[in-house]
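Overview (structure and organization)
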Amino acid sequence: MSVHLKQLGHRYGEHRALHDISLDIKAGEQVALIGPSGCGKTTLLRLIGTQMIPTEGSVEVLSQHPAELNTHTLRQLRHQIATIPQHLGLVPNVRVIRNVLNGGLGKLGLMDTVRQSLTPSRQERQMAHELLDRAGIGEKLYDRTDSLSGGQQQRVAVARALYQKPSIILADEPVSAVDPMRARDMIRLLIDLSKQEEITLIVSIHNLELAREFFPRLIGLRAGQLAFDSAVSELSDEQCRALYQLDHDA
Ligand SMILES: Nc1ncnc2c1ncn2[C@@H]1O[C@H](COP(=O)(O)OP(=O)(O)OP(=O)(O)O)[C@@H](O)[C@H]1O
């Protein structure tokens, strides 16, 4: 099992962002998190990504309880989880290869980090090139990152995630800043890679059409609670409408 959530809840101070979420996500699944703004998608991704410890219930990721781990084992667990944040988190004024190699930094000790930053080995460069190729922009290896289009930068973020050799990829709204064609390409890329590499993929996404087109399983959140957890084939238009409507009326 990749993710096991049991009566998970989270409060920011007095504010309850998530409540009573129980679900399992198997290794290699592709799951979309959907729901209106503020329903708790990012909070859920942060909890699964072990960036926060829940205030209620439990999170088990790759058969481990983050709350029970010491710094070293928590770090090891985090190596296995790649995160693609909403604004990608790329360093803009360096070459693309640098950003891809940054995906490996968490695994390296201090000396290797310095060595890799100054003179990446031939093998490291080759791997970065291969991953960029898989993301469709191999020729951009030595371009400056901020000279790339938004869609190309997304692909750099995907290559950086893959460089980490993760068991899980978490992507928070990876397509909110690009046009619909690029959004579709990006989601297709993530889904294809997840299938080929058997990486569990969990994506929060505002675009319901894309979610329904590409993801076999959709989890709907409404006001911090589970509205549905459904195979796409069993999800009705009515359920999707209600997800957004109810929150709006509340
Ligand atoms: N650091 C924080 N401190 C206090 N409240 C927070 C914090 N982060 C999020 N919240 C609140 O928790 C709730 C859930 O937020 P979250 O960002 O998880 O929602 P979301 O579904 O990802 O929203 P969006 O789609 O707009 O990104 C919201 O009401 C938000 O205002």
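Residues numbered from 1 in each chain as written. Predicted model: local features only at pLDDT ≥ 70, side-chain atom pairs only at ≥ 80, totals over all residues.

Under an unreviewed UniProt entry, the chain has the name ATP-binding cassette domain-containing protein and belongs to Oceaniferula flava.

Turning next to unusual backbone geometry. Although it is not a glycine, Leu62 sits at a positive phi angle of roughly 50°. Mapped onto the elements of the fold, Leu62 is located in the loop between strand E4 (56–61) and helix H2 (71–79). One non-glycine residue, Ala223, lies in positive phi territory at about 45°. In this fold, Ala223 is placed in the loop between strand E8 (217–222) and strand E9 (225–231). (Helix = DSSP H or I, 4+ residues; strand = E, 2+ residues; numbered from the N terminus.)

What follows deals with the nonpolar core. Core analysis: the largest hydrophobic core is formed by 65 residues, its most contacted members being Val100 and Ile202. In terms of residue count, helix H6 (residues 150–163) provides more of this core than any other element does, 7 residues in total. Among the domains, domain 1 (1–80 + 167–250) and domain 2 (88–165) are the pair contributing at least three residues each to this core. In contact with Ile202, other than residues within four places in its own chain, are Ile25, Val31, Leu33, Leu45, Ile48, Ile168 and Leu170. (Core = buried A, V, L, I, M, F, W, Y, C linked by C-beta atoms within 7 Å. Buried ≥ 20, exposed ≤ 12 C-beta atoms within 10 Å, placed from the backbone. Domains from an automatic or database assignment. Contact = placed C-beta atoms within 7 Å.)

Here strand E5 (residues 81–84) shows a buried face lined by Ile81 and Thr83 and a second buried face lined by Ala82 and Ile84. The sheet contact formed by E5 and strand E6 (residues 168–172) spans 4 bridges and is parallel. By the bridge assignment, Ile84 is partnered in E6 with Ala171. (Pairing = 2+ DSSP bridges.)

Glancing now at the sheet that holds strand E3 (residues 30–34). Strand pairs in the sheet, formed through backbone hydrogen bonds, run parallel or antiparallel to each other. What the 6 strands build is an open sheet, ordered E5-E6-E7-E3-E8-E9; its pairing is mixed. The sheet terminates laterally at E5 and E9, the two strands that pair on one side only. Neighbour to neighbour, the strand axes of the sheet diverge by 15° on average, direction disregarded. Helix H1 (residues 41–48) contacts E3, E6, strand E7 (200–204) and E8 of the sheet and is inclined by roughly 150° relative to E7. Here helix H7 (residues 180–197) sits on the sheet in contact with E3, E6 and E7, set at roughly 160° to E7. (Axes fitted to C-alpha atoms, helices over the stretch in contact; angles between N-to-C directions.)

The geometry of a pair of packed helices is captured by two quantities: the angle between their axes and the separation between those axes. At a closest axis distance of 9 Å, the pairing of helix H5 (residues 122–134) and H6 adopts a crossing angle of 130°. Taken together, the axes of H5 and H6 are oblique relative to one another. By crossing handedness, the relation of H5 to H6 is classed as right-handed. For the pair formed by H5 and H6, the contact residues are Met127, Ala128, Leu131 and Leu132 on the first element and Ala159, Leu162 and Tyr163 on the second. Partitioned by chemical class, the residues of the contact of H5 with H6 number 7 nonpolar, no polar and no charged. (Parallel < 35°, antiparallel > 145°, perpendicular 65-115°, else oblique. Left-handed = near helix turned anticlockwise from the far one by under 90°. Nonpolar A, V, L, I, M, F, W, Y, C, P; charged D, E, K, R; others polar.)

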